[in-house]
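One-letter residues, chain by chain:
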Amino acid sequence: MEINPVKGTHDIIGDEAEMYSFYEYDCRLMAELFGYKEIRTPIIEHTPLFLRSVGESSDIVTKEMYTFDDKGGRSLTLRPELTAGVMRSIVSNKLHANADLPLKYFYCGPCFRYERPQAGRYRQFHQFGVETVGVSSYLSDVEVIILGKRILESLGIDKVKVLINSLGDEESREAYRKALKEYFAKHIDKMCGDCKRRFEINPLRILDCKVPEDQEFIAGAPKMKDYLSDAAKLYMDNVEEALRKAGIDFEVDDNLVRGLDYYTGVVFEYHMEDDDIGAIGAGGHYKNLLKEVGGPDLEGVGLSFGLERLHYVFTKYHEERPQSGPDFYLMPMNDEAVDLAFSLADILRSNGFAAEMNYEPKSFKSSFKIAERKRSKFAIIIGEDEIAKKQITVKNLKTQEQSSVNTDDMLMVLRSMLEEYIQAQNVEEAEVK
Ligand code: HAM
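Small disclaimer: the values here were computed from a predicted structure and weren't measured. (Residues numbered from 1 in each chain as written. Predicted model: local features only at pLDDT ≥ 70, side-chain atom pairs only at ≥ 80, totals over all residues. Heavy atoms only, no water.)

Asker: Just to check I follow, could you spell out the site of the ligand for this structure?
Answerer: In the vicinity of the ligand there are 27 residues, among which Glu81, Thr83, Glu115, Tyr122 and Tyr263 approach most closely. One of the side-chain nitrogen or oxygen atoms of arginine 113 is found 2.9 Å away from an oxygen atom of the ligand. Separating a nitrogen atom of the ligand from a backbone N or O atom of glycine 120 is a distance of 3.5 Å. Protein chains shield 96% of the accessible area of the ligand, which is 660 Å² for the free molecule. (Near = heavy atom within 4 Å. Polar contact = N/O pair within 3.5 Å; in protein donor to acceptor, adjacent residues only side chain to side chain. Areas by Shrake-Rupley, 256 points an atom, 1.4 Å probe, with all protein chains shown as cover.)

In C-alpha cells:
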C-alpha cells in the first residue's frame, strides 16, 4: 500500500496547521472589516460550471482539472478555484433576490489542479478569497485591491509588488483579439501545439504560454493598452488615481492577462519584490460571469490568496512565528499524584486554562524537558510533600521562579500568575519591536 500522500498534496500538521489557522483567521478578520460574510460551497461541482466560467481555452480546464464520473454517471470536478462555485451558489440560492447589493462573500478552502508540483505549487492547495457582486463602480475594484494589501500588511508581509492591468471592455477586447489574430497568424505555424489550439479558441491565452521557444513571438505581440476604448481607459485611470489616493504602490503590467477566461476590465496580482514564488494572490473584475452561469446581469470583482504561498512568504520573512503551548504542564511524581493531577487538569481546563500532563510518574529532569519542548508557560509539580500539605508547586518556566500554592486557592492564584506572565511577555515583545 502506498503510504505517501498523493503527489502534489501535503499534510499540514501541528505548528504548521496552527499557522494556517492564523492566516485564515487574519484574512477573515480583515474581510469582515470590509463587510464580507462567509460562504462555504461544496468541493465538487458539475463539470460544465468550470467550462462556462474558468473557460474552455484556459490551461486549468484543458489540462488541470480533476474530473470524473460519479456512480450516477454525472461528470463532476473537484473545484480548481472557488469563484465559479460562489457564482453558482448565488444563482442556486437566489442570493441576489433577497439582499441589498452588492453581495459580499469571503471563503476559504481546498482547491485542486493537476499542475507540475514545485515550490509554492501543489495539486491540492488552499485559497482564501472574496467576491463582491452587484456593483459596477471602479471603487469596488479598488476596494478589493486595497483589501488584499491590508491582509498582507496585517500579516507583516511587506516588500509586495501590486501589478495591475486592464483587459478592457467588450469593444476593446474585440479590437485586441483581432490584432492578436493578425499578428500571430504570421507566427503560429512555428509555435507550440497548445498555442495553435489557443489561436483558434482564444488568442489572448497565447500570452500565458511558458514554452521558451514561443517567447520571442509573444514579446513582439500587440499590447492591450493600445486597444483600450475611451471608456476602458477612463475606468483604468480612475482605478489608478484611487489607488494612489489610498497610498497603494502599484505597477501597471501590460503583460498581465491572468489565466482564467472570466476576467474583463481590471486584473491584478500580488508578488513579492524579491522572490519568484509566483503570485501570492490575484484577482480581477468579471462583467459576465454571473450571467454566464445562469444568473442575472450583475458584475463582480474578487481576489484569492493561496495559503501555501502566504505560508512560504510568511515563514521566509518572519523568524518569530506564532507559537502556542499549554498554560500549565502537570508533573505528578508518584501514582497517587497522577490521579490528583488528572483531576486538577480537568478543573483547569473547565476554567479556561490549557493544561497537559504526564500520565505516569517521571523524573524531574525528563518532566521539565517535556514541559519546555511543549512550550508550557508553567510547570505544576505534585509529589508526596505537596499531597501531604494539600499544595501544588508552580514554576514559571521563563523566570524559573517557584512557589507553593494551596489547592483551595489554586484557580485564583494561577489566574493571576498567568496574567502576570502574559503582561511581561507583551512588554518584552513591545521592546523588541
Ligand atoms: P488564480 O490566480 O488561479 O486565481 O489563483 C489565486 C491564487 O491561488 C494564486 O495567486 C496562488 O497564490 C494560488 N494558487 C493557484 N494555483 C496554485 C497551486 N497550484 N498551488 C498553490 N497555490 C496556488 C483564482 O483562482 C481566481 N479565482 C481569483 C479570483 C477571485 N478572481 C476573482 N475572484
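There's plenty left to go through after this.
Asker: Explanation requested: the pairing of strand β7 (residues 160-166) in the structure shown.
Answerer: If a strand is regular, its side chains alternate between the two faces of the sheet. Buried residues dominate β7, accounting for six of its seven residues. Pairing of β7 with strand β8 (residues 251-252) involves two bridges; the strand directions are parallel. Across the sheet, the residue bridging to isoleucine 164 is valine 252, located in β8. (Buried < 20%, exposed > 50% of the residue type's maximum accessible area, 1.4 Å probe, protein only. Helix = DSSP H or I, 4+ residues; strand = E, 2+ residues; numbered from the N terminus. Pairing = 2+ DSSP bridges.)

Asker: Is there a simple way to think about helix α2 (residues 47-55) in this case?
Answerer: An α-helix turns once per 3.6 residues; consequently, residues spaced three or four apart project the same way. Taken residue by residue, α2 has Thr47, Leu49, Phe50, Ser53, Val54 and Gly55 as its buried positions. On an axial view of α2, the arc spanned by its buried residues comes to 155°, and they lie on one face. On its buried side, α2 packs onto β2 (44-46), α3 (59-64), β3 (66-69), β4 (75-78), α4 (83-92) and α10 (289-292). (Arc of directions from axis to C-beta. Contact = heavy atoms within 4.5 Å.)

Asker: Teacher, can you tell me more about the sheet that holds β2 here?
Answerer: Hydrogen bonding along the main chain pairs the strands of a sheet, whether they run parallel or antiparallel. Here three strands make up an open sheet; going across it, the order is β2-β4-β3 and the pairing antiparallel. Sheet topology places β2 and β3 at the edges, where each strand pairs with a single neighbour. Within this sheet the neighbouring strands show an average axis-to-axis angle of 35°, counted without direction. Inspection of the sheet shows β3 paired to β4 by four bridges, in the antiparallel sense. What sits directly across from threonine 67, in β4, is threonine 77. Together, β2, β3 and β4 form the strand contacts of α2, whose direction differs from that of β2 by roughly 80°. (Axes fitted to C-alpha atoms, helices over the stretch in contact; angles between N-to-C directions.)

Asker: Just to check I follow, could you spell out the environment of asparagine 334 for this structure?
Answerer: Relative to the elements of secondary structure, asparagine 334 occurs in the loop between β12 (328-332) and α12 (335-350). Residues asparagine 334 and isoleucine 382, 48 residues apart in the sequence, show an inter-C-alpha distance of 8.2 Å. In contact with asparagine 334, not counting residues within four places along its chain, are Pro361, Gly383, Glu384 and Ile387. Among the polar contacts listed, one links the side chain of asparagine 334 to the backbone nitrogen of glutamate 336, at a separation of 3.2 Å.

Asker: Could you clarify how one ought to interpret the pattern of salt bridges in this entry?
Answerer: All chains considered together, the criterion is met by 26 salt bridges. For aspartate 194, the salt bridge is made with lysine 63, and the minimal N-O distance between the two is 2.6 Å. Within this pair, whereas aspartate 194 is found in helix α7 (residues 193-201), its partner lysine 63 is found in helix α3, the two being separated by 131 residues in sequence. Residue classification places aspartate 194 among the partly exposed positions, given a relative accessible area of 25%. Connected via shared salt-bridge partners are Asp59, Lys63, Asp194, Arg197 and Arg198. (Salt bridge = Lys/Arg side-chain N within 4 Å of Asp/Glu carboxyl O.)

Asker: What is the right way to read the packing of helix α1 (residues 14-33) against helix α11 (residues 307-317) from this model?
Answerer: In helix packing, the relevant descriptors are the interaxial angle and the interaxial distance, both defined with respect to the helix axes. Interhelical geometry of α1 versus α11 gives an angle of 105° and a closest axis separation of 10 Å. The angle between α1 and α11 places the two elements in the roughly perpendicular class. For the pair formed by α1 and α11, the contact residues are Glu16, Met19, Tyr20, Phe22, Tyr23, Glu24 and Cys27 on the first element and Leu307, Glu308, Leu310, His311, Phe314 and Thr315 on the second. (Parallel < 35°, antiparallel > 145°, perpendicular 65-115°, else oblique.)

Asker: Mind showing me how you'd approach the environment of alanine 84 here?
Answerer: When you line up the elements, alanine 84 lands in helix α4. Between the C-alpha atom of alanine 84 and that of lysine 287, which follows or precedes it by 203 residues, the distance is 13 Å. When residues no more than four places from it in sequence are discounted, the contact partners of alanine 84 are Leu49, Phe50 and Ser53.

Asker: Help me understand the environment of leucine 289 in this model?
Answerer: Mapping leucine 289 onto the fold places it in helix α10. Each C-alpha atom of the pair leucine 289 and glycine 220 lies 31 Å from the other, and the pair is 69 residues apart in sequence. Beyond its immediate sequence surroundings of up to four residues, leucine 289 is in contact with Ser53, Thr83, Met87 and Tyr262.

Asker: I keep staring at the packing of aromatic side chains and nothing clicks. Help me out?
Answerer: For any pair of aromatic rings, geometry is given as the distance between the ring centres together with the angle between the planes. Using the criterion set out here, one finds 17 aromatic pairs in the structure. Ring centres of tyrosine 262 and tyrosine 286 lie 5.8 Å apart, and the angle between their planes is 80°; this geometry places the pair in the edge-to-face category. Pair noted here: tyrosine 262 is in the loop between β8 and β9 (266-272) and tyrosine 286 is in strand β10 (residues 281-286), with a separation of 24 residues, a long-range link. When sorted by exposure, tyrosine 262 lands in the same class as tyrosine 286, which is buried. (Phe/Tyr/Trp six-rings, centres within 6.5 Å; stacked < 30°, edge-to-face > 60°.)

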